[in-house]
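Analysis of the macromolecular model
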Amino acid sequence: MEAGQEEFGMEAGQEEELVFHRVLAERYLDRDTPLAEEVEYGLQHLHPCQLLYKGRPCERQTLADLGILRGSEAEEFKMLGDVDVHSEGYHCHDSYMVRLACKDPQRFSVAFCRHFHGPDFHAHMQAIREGRGGGGQHEPYFEEVVVVDMVAEKIQSGEGIRNMARSVCRYPDQGREGFRVVRPLALAEDESVYLLTAVSGAGGMEEYRVHRAAHNSQHTDPGALELLFDAGDMCIFNCIFAKGCLFALAAKGDGQSKYILELRLDDGQLTELRRAPLVLPACEGWSQDRTQRPRFLCLDDTGDALWVNTSVALLALAMDTLEPHTCCLWKDLRAAEPREHLKLHVRSVLLHKQTREVYLLFDNSTGVFHTRYQTEIDDLSVYDPCFVRRLLPSPGIGKVCYEDLPGDKVAIGNFRIDGFSDSFCITESHMLESPSSQHLRVFDAEGGFWDLEI
């Protein structure tokens with residue numbers, strides 16, 4: 001496009017001098033990002049190249065080093081307080097923390113199982129502290145399901161964990177051969193909890209059922225729990241409430257065949273309305289993490305699609321057919337962000353259901369652990385245990401996809417990490433949405449509760 005002379009304030013007869021610049025790429029950087037690292041990992045199609053600023057090399061510098069004050073500064077998570085779940089029997093290496101499905105989008109509830117001898121868990125721990133033989137090993141051994149409501153106002157006010165944690169089910173621990181709770185699944189409106197339970201059936205095969213434990217239920221007889229659904233050989237590992245139903249992700253006993261179940265609660269029973277196979281896209285050369293189960297993110301604001309994160313891809317399931325559409329392949333994300341020490345777990349992907357922005361919480365705790373305790377590691381470029389990238393949906397009409405990988409770095413989190421060599425920093429995360437604002441909430445490996453308004 002050409003501009004007239006009047007627009008440039010030139011006098012008649014003066015010659016125009018037009019300078020053309022070819023933009024090869026555009027990136028938004030925070031002031032402390034090493035420029036060479038950004039080119040190497042974020043602009044691989046331009047690498048190798050020479051970086052110049054005002055004609056001088058600047059490979060090993062940052063925007064701050066160059067005196068450039070403007071740039072996209074990454075926001076920081078704010079720590080709201082500590083939730084001492086360790087005093088309630090949770091330990092990251094022998095307990096499994098689950099985020100419960102809730103009808104209320106404002107709720108952020110987690111649950112886990114604990115084991116103890118004697119009348120209750122705290123008496124068991126007191127006996128251990130007093131050196132009385134492991135907390136009464138000659139007394140009955142129980143398993144107990146504990147729910148923790150992650151309420152920011154309570155955490156900020158300093159309320160004790162016992163005012164936030166509650167036992168919903170207690171029963172004799174019968175080991176692998178008897179009745180046991182595999183995992184908590186969902187929190188109902190009446191505060192009861194849906195539990196996936198299992199018993200060993202014929203030939204040693206597991207038989208799964210969904211039970212409901214009433215609020216503050218302390219029954220020691222598993223038969224007293226309300227049976228909602230007989231799942232047979234379908235191991236349910238994640239749920240979401242949507243459009244008056246409970247949708248479940250499940251796998252057959254072989255762990256390979258995965259399904260989506262649509263269940264409706266009628267007269268105290270869950271009735272199966274639909275069952276559809278969850279077919280993941282083929283990804284040659286991509287090593288799937290078999291330990292990571294698919295996970296529901298949300299029902300988007302249109303009400304037309306359920307979003308699921310898998311170890312292979314981000315999927316949108318059409319509500320009418322439950323057929324998956326691939327929005328983003330994680331192997332493409334890894335190609336754009338190839339640093340292997342940056343982990344992306346199923347619990348570390350969140351979706352804004354209105355804008356469809358995807359927030360990726362990259363776990364860098366393994367890299368931080370090595371830079372802290374193994375001085376022979378030279379890569380000291382990233383100290384934050386977690387940083388967040390945002391993927392924006394590609395413009396255009398039709399099915400949603402994400403092509404601008406690896407996305408923009410928008411936030412950092414100084415989360416506490418697990419203190420072992422297989423360290424991690426995120427125990428659970430949640431996208432809390434309200435009419436006025438949206439928040440990323442993170443529960444770190446040491447019980448820290450963090451918030452980022454977006």
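Calculation criteria
Residues numbered from 1 in each chain as written. Predicted model: local features only at pLDDT ≥ 70, side-chain atom pairs only at ≥ 80, totals over all residues. Heavy atoms only, no water. Helix = DSSP H or I, 4+ residues; strand = E, 2+ residues; numbered from the N terminus. Buried < 20%, exposed > 50% of the residue type's maximum accessible area, 1.4 Å probe, protein only. Contact = heavy atoms within 4.5 Å. Areas by Shrake-Rupley, 256 points an atom, 1.4 Å probe, with all protein chains shown as cover. Pairing = 2+ DSSP bridges. Phe/Tyr/Trp six-rings, centres within 6.5 Å; stacked < 30°, edge-to-face > 60°. Lys NZ or Arg CZ within 6 Å of the ring centre and 35° of its normal. Salt bridge = Lys/Arg side-chain N within 4 Å of Asp/Glu carboxyl O. Axes fitted to C-alpha atoms, helices over the stretch in contact; angles between N-to-C directions. pLDDT = per-residue confidence, 0-100. Polar contact = N/O pair within 3.5 Å; in protein donor to acceptor, adjacent residues only side chain to side chain. Core = buried A, V, L, I, M, F, W, Y, C linked by side-chain atoms within 4.5 Å.

**Comments concerning the overall build of the chain**
- In terms of regular secondary structure, the chain is built from seven helices and 28 strands.
- By residue count, 50% of the 454 residues in the chain fall in the buried class.
- For the chain, the share of sequence-separated contacts (at least 6 apart) that also reach a separation of at least 24 residues comes to 54%.
- Of the roughly 23300 Å² that the chain leaves accessible, carbon and sulfur atoms contribute 48%.

**Notes on the sheet that holds strand β13 (residues 226–232)**
- Read from one edge of the open sheet, five strands run β6-β10-β11-β12-β13, paired in mixed fashion. Edge strands, defined here as strands with exactly one partner in the open sheet, are β6 (101–102) and β13.
- Two elements, β6 and strand β10 (residues 180–187), share two bridges in a ladder whose sense is parallel. Within β10, the residue paired with Ala101 across the bridge is Ala186.

**Some remarks on the packing of aromatic side chains**
- All told, the structure shown has nine aromatic pairs when counted by the stated rule.
- Through pairs of rings, three or more aromatic residues link up here, namely Phe77, Phe415 and Trp450.
- Geometry around Phe387 places Lys409 over its ring, the cationic atom sitting 5.2 Å from the centre.

**Some remarks on the pattern of salt bridges**
- What the rule picks out here adds up to 21 salt bridges.
- Linking Arg114 and Glu144 is a salt bridge whose minimum nitrogen-to-oxygen distance equals 2.9 Å. A residue pair is termed long-range when its members are at least 10 positions apart, and Arg114 in strand β7 (residues 109–117) and Glu144 in strand β8 (residues 141–149) qualify at 30 residues. Of the two residues, Arg114 and Glu144, neither departs from the other in class, the shared state being buried.
- Residues Glu191 and Arg166 are paired through a salt bridge, measuring 3.0 Å at the closest nitrogen-oxygen approach. Here Arg166 lies in strand β9 (residues 165–172) and Glu191 lies in the loop between β10 and β11 (193–200), a separation of 25 residues in the sequence. Neither residue differs from the other here; Glu191 and Arg166 are each classed as buried.

**Quick look at the environment of Phe247**
- One can find Phe247 in strand β15 (residues 245–251).
- Look at Phe247 and you get buried, because its relative accessible area is 1%.
- Each residue touching Phe247, except ones within four places of it in the same chain, is listed here: Asn238, Cys239, Ile240, Ala242, Ile260, Leu261, Glu262, Arg274, Phe296, Leu306, Met319 and Leu322.

**Observations concerning the sheet that holds strand β21 (residues 324–329)**
- Here we have four strands laid out as an open sheet, ordered β18-β19-β20-β21, and antiparallel in their pairing. Edge positions in the sheet fall to β18 (295–299) and β21, since each of these pairs with one other strand and no more. The sheet shows a mean angle of 25° between the axes of neighbouring strands, taken without regard to direction.
- The sheet contact formed by strand β19 (residues 305–309) and strand β20 (residues 313–318) spans five bridges and is antiparallel. Opposite Asn309, over in β20, you have Leu314 as the bridge partner.

**Looking at the confidence of the model for the chain**
- The predicted model of the chain has a mean per-residue pLDDT of 83, with 83% of residues at 70 or higher.
- Note that pLDDT drops below 50 for residues 1–16; the model gives that stretch eight contacts with residues more than four away or on any other chain.

**Things to note about the side chain of Thr366**
- Mapped onto the fold, Thr366 is located in helix α7 (residues 365–373).
- Here Ser423 takes part through its backbone oxygen, which lies 3.5 Å from a polar atom of the side chain of Thr366.

**Remarks on the nonpolar core**
- Counting residues in each nonpolar core, the largest one holds 24 residues, and the members touching the most others are Trp307, Leu314, Trp330, Val358, Leu360 and Tyr402.
- Where this core is concerned, the elements lending two or more residues are β18, β19, β20, β21, α6 (330–336), β22 (349–351), β23 (358–363) and β24 (386–391).
- Each residue touching Trp330, except ones within four places of it in the same chain, is listed here: Trp286, Asn309, Thr310, Ser311, Val312, Ala313, Leu314, Leu344, Val349 and Leu360.

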